[in-house]
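Listed below are the residues making up each chain.
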Amino acid sequence: MSGDAVLDKYREAGRILKEVRLAAVPLVKKGAKMLDVAEAIENDIFKRGGRPAFPVNISLDDEAAHDTPGPDDARVFEDNIVKLDIGVHVDGYIADTAVTVDLKGDANLVKASEKALEEAIKVVRAGVSTAEIGEIIEQTIEGFDLKPVYNLTGHGLEKFVQHAPPSIPNKRIGQGIVLKAGQVIAIEPFATDGAGVVGEGELTEIFGITVVKPVRMPSERDMLKAIQKFQGLPFARRWVAGQKRADATLSSLMRLGIVHAYPVLVEERGGMVSQAEHTMIVTEDGCEVTTL
């Protein structure tokens, strides 16, 4: 496939994702079930001709990422800071976007990540260093008397690879990577009123395949066959809940090193977290934002 054809796939994924995001935001309201919203968003991706690049992340309050409802999740939205992180792929070519829905009443927190993303996009072009992007993100968020989440980054996107080089920092760094025309990247600032660091929480609902190797049990073979359909992209426990002995089999595959988990990421001091994200194609004199 030619380079232009590949970029057109990225553009199509971005177009679909923009429509999905616009339809998703009004679904997030007090009293709505998280599971209903997640399923509605993922179903909308299919209806518009895309495929989920990962389970929709619906992360609340001090959670920065990796929360998604379980198969029987009864949680409803309350006075929350809600991060919707959604991915779409078309034939493996991915678009990634995130938006914060404020049900709590913290406009400053939400604006900080949005403004940081806006300012970062302005400087993206071939030849710019990721260090410059990180410095702009940190300065912008600090201007709101908040901190970026220092140990989360934006990233490159490649075919069936959600997190590829280069890493796009949300802070000042000594030396970055110089961007090249044609690269597809996602910039995603996180702002917080906490410590600016996240760690792994107890909740785990998202998984990924590490390696394919022979297994003995029929349930393990069936599960492995099911998760290989995601072609290396992350999947939700609820996506495979219909498999025989699903939870026990997932645990077994983890012990065998075949599957790994993506635990929810939680702000170290319980600070509230906001997020904003767009995907873009780097050009010689700027960038083309595919999800805007």
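Check the entry above for the structure.
Chemist: Can you help me understand the nonpolar core in this one?
Modeler: One broad rule of soluble globular proteins: the nonpolar side chains tend to lie buried together. Grouped together as the largest cluster of nonpolar side chains are 27 residues, with contacts concentrated most on Val-124, Ile-133, Ile-137, Leu-179, Ile-185, Ile-187 and Met-280. No other element matches helix H3 (residues 107-123), which puts seven residues into this core. Those residues in contact with Ile-133 that lie beyond four places of it in its chain are Ala-120, Val-123, Val-124, Val-128, Ile-168, Leu-179 and Ile-187. Counting 25 residues, the second-largest nonpolar core is a separate cluster that includes Ala-24, Val-28, Ala-38 and Val-82.

Chemist: I keep staring at helix H6 (residues 246-255) and nothing clicks. Help me out?
Modeler: Since the α-helix turns once every 3.6 residues, residues separated by three or four places project in the same direction. All of the buried residues in H6 are Ala-246, Thr-249, Leu-250, Ser-252 and Leu-253. Projected down its long axis, H6 carries its buried residues within an arc of 160 degrees, all on one side. Looking at the buried residues of H6, the elements they touch are strand E12 (206-209), helix H5 (218-228), strand E13 (235-236) and strand E14 (259-262). A positive backbone phi angle near 80 degrees is found at Gly-257, which sits one or two residues after H6.

Chemist: For this particular structure, what's the right way to read the pattern of salt bridges?
Modeler: Proximity of charged atoms lets side chains of opposite charge pair with each other. According to the stated counting rule, one finds 18 salt bridges in the structure shown. Across the pair Asp-79 and Lys-30 runs a salt bridge whose closest N-O atoms are separated by 2.6 Å. Placement of the pair is Asp-79 in the loop between strand E3 (63-65) and strand E4 (81-90) and Lys-30 in the loop between helix H1 (3-24) and helix H2 (34-47), with a sequence separation of 49 residues. By relative accessible area, which is 45% here, Asp-79 ends up partly exposed. With a shortest N-O distance of 2.9 Å, Asp-73 and Arg-75 are connected by a salt bridge.

Chemist: Can you help me understand the packing of H3 against helix H4 (residues 130-142) in this one?
Modeler: Axes are the key here: two packed helices are described by the angle between their axes and the distance separating the axes. At a closest axis distance of 8 Å, the pairing of H3 and H4 adopts a crossing angle of 150 degrees. On the basis of their axis angle, the class for H3 and H4 is roughly antiparallel. Read as a crossing pair, H3 and H4 show a hand that is right-handed. Where H3 approaches H4, its residues Ala-112, Lys-115, Ala-116, Glu-119, Ala-120 and Val-123 are matched on the opposing element by Glu-132, Ile-133, Ile-136, Ile-137, Thr-140 and Ile-141. Among the residues forming the contact of H3 with H4, the class breakdown is eight nonpolar, one polar and three charged.

Chemist: Explain the packing of H5 against H6 here, please?
Modeler: At a closest axis distance of 10 Å, the pairing of H5 and H6 adopts a crossing angle of 85 degrees. With respect to H6, the element H5 is oriented roughly perpendicular. Every residue of H6 that contacts H5 at Ser-219, Glu-220, Met-223, Leu-224 and Ile-227 is listed here: Ala-246, Thr-249, Leu-250, Ser-252 and Leu-253. Taken together, the residues of the contact of H5 with H6 break down into six nonpolar, three polar and one charged.

Chemist: Looking at this structure, how should I read the packing of aromatic side chains?
Modeler: Pairs of aromatic rings are described using the distance from one ring centre to the other and the angle between the two planes. For the structure shown, the criterion picks out four aromatic pairs. Between Tyr-10 and Tyr-93, the aromatic rings sit 5.2 Å apart at their centres with planes inclined by 70 degrees, giving edge-to-face as the arrangement. Residue Tyr-10 is found in helix H1, and its partner Tyr-93 is found in strand E5 (residues 93-102); the two are separated by 83 residues along the sequence. For the pair Tyr-10 and Tyr-93, a shared accessibility class is recorded, and that class is buried. An aromatic cluster is defined as three or more aromatic residues linked by ring pairs; in this entry it consists of Phe-207, Phe-230, Phe-235 and Trp-239.

Calculation notes
- Residues numbered from 1 in each chain as written.
- Predicted model: local features only at pLDDT ≥ 70, side-chain atom pairs only at ≥ 80, totals over all residues.
- Heavy atoms only, no water.
- Core = buried A, V, L, I, M, F, W, Y, C linked by side-chain atoms within 4.5 Å.
- Buried < 20%, exposed > 50% of the residue type's maximum accessible area, 1.4 Å probe, protein only.
- Helix = DSSP H or I, 4+ residues; strand = E, 2+ residues; numbered from the N terminus.
- Contact = heavy atoms within 4.5 Å.
- Arc of directions from axis to C-beta.
- Salt bridge = Lys/Arg side-chain N within 4 Å of Asp/Glu carboxyl O.
- Axes fitted to C-alpha atoms, helices over the stretch in contact; angles between N-to-C directions.
- Parallel < 35°, antiparallel > 145°, perpendicular 65-115°, else oblique.
- Left-handed = near helix turned anticlockwise from the far one by under 90°.
- Nonpolar A, V, L, I, M, F, W, Y, C, P; charged D, E, K, R; others polar.
- Phe/Tyr/Trp six-rings, centres within 6.5 Å; stacked < 30°, edge-to-face > 60°.

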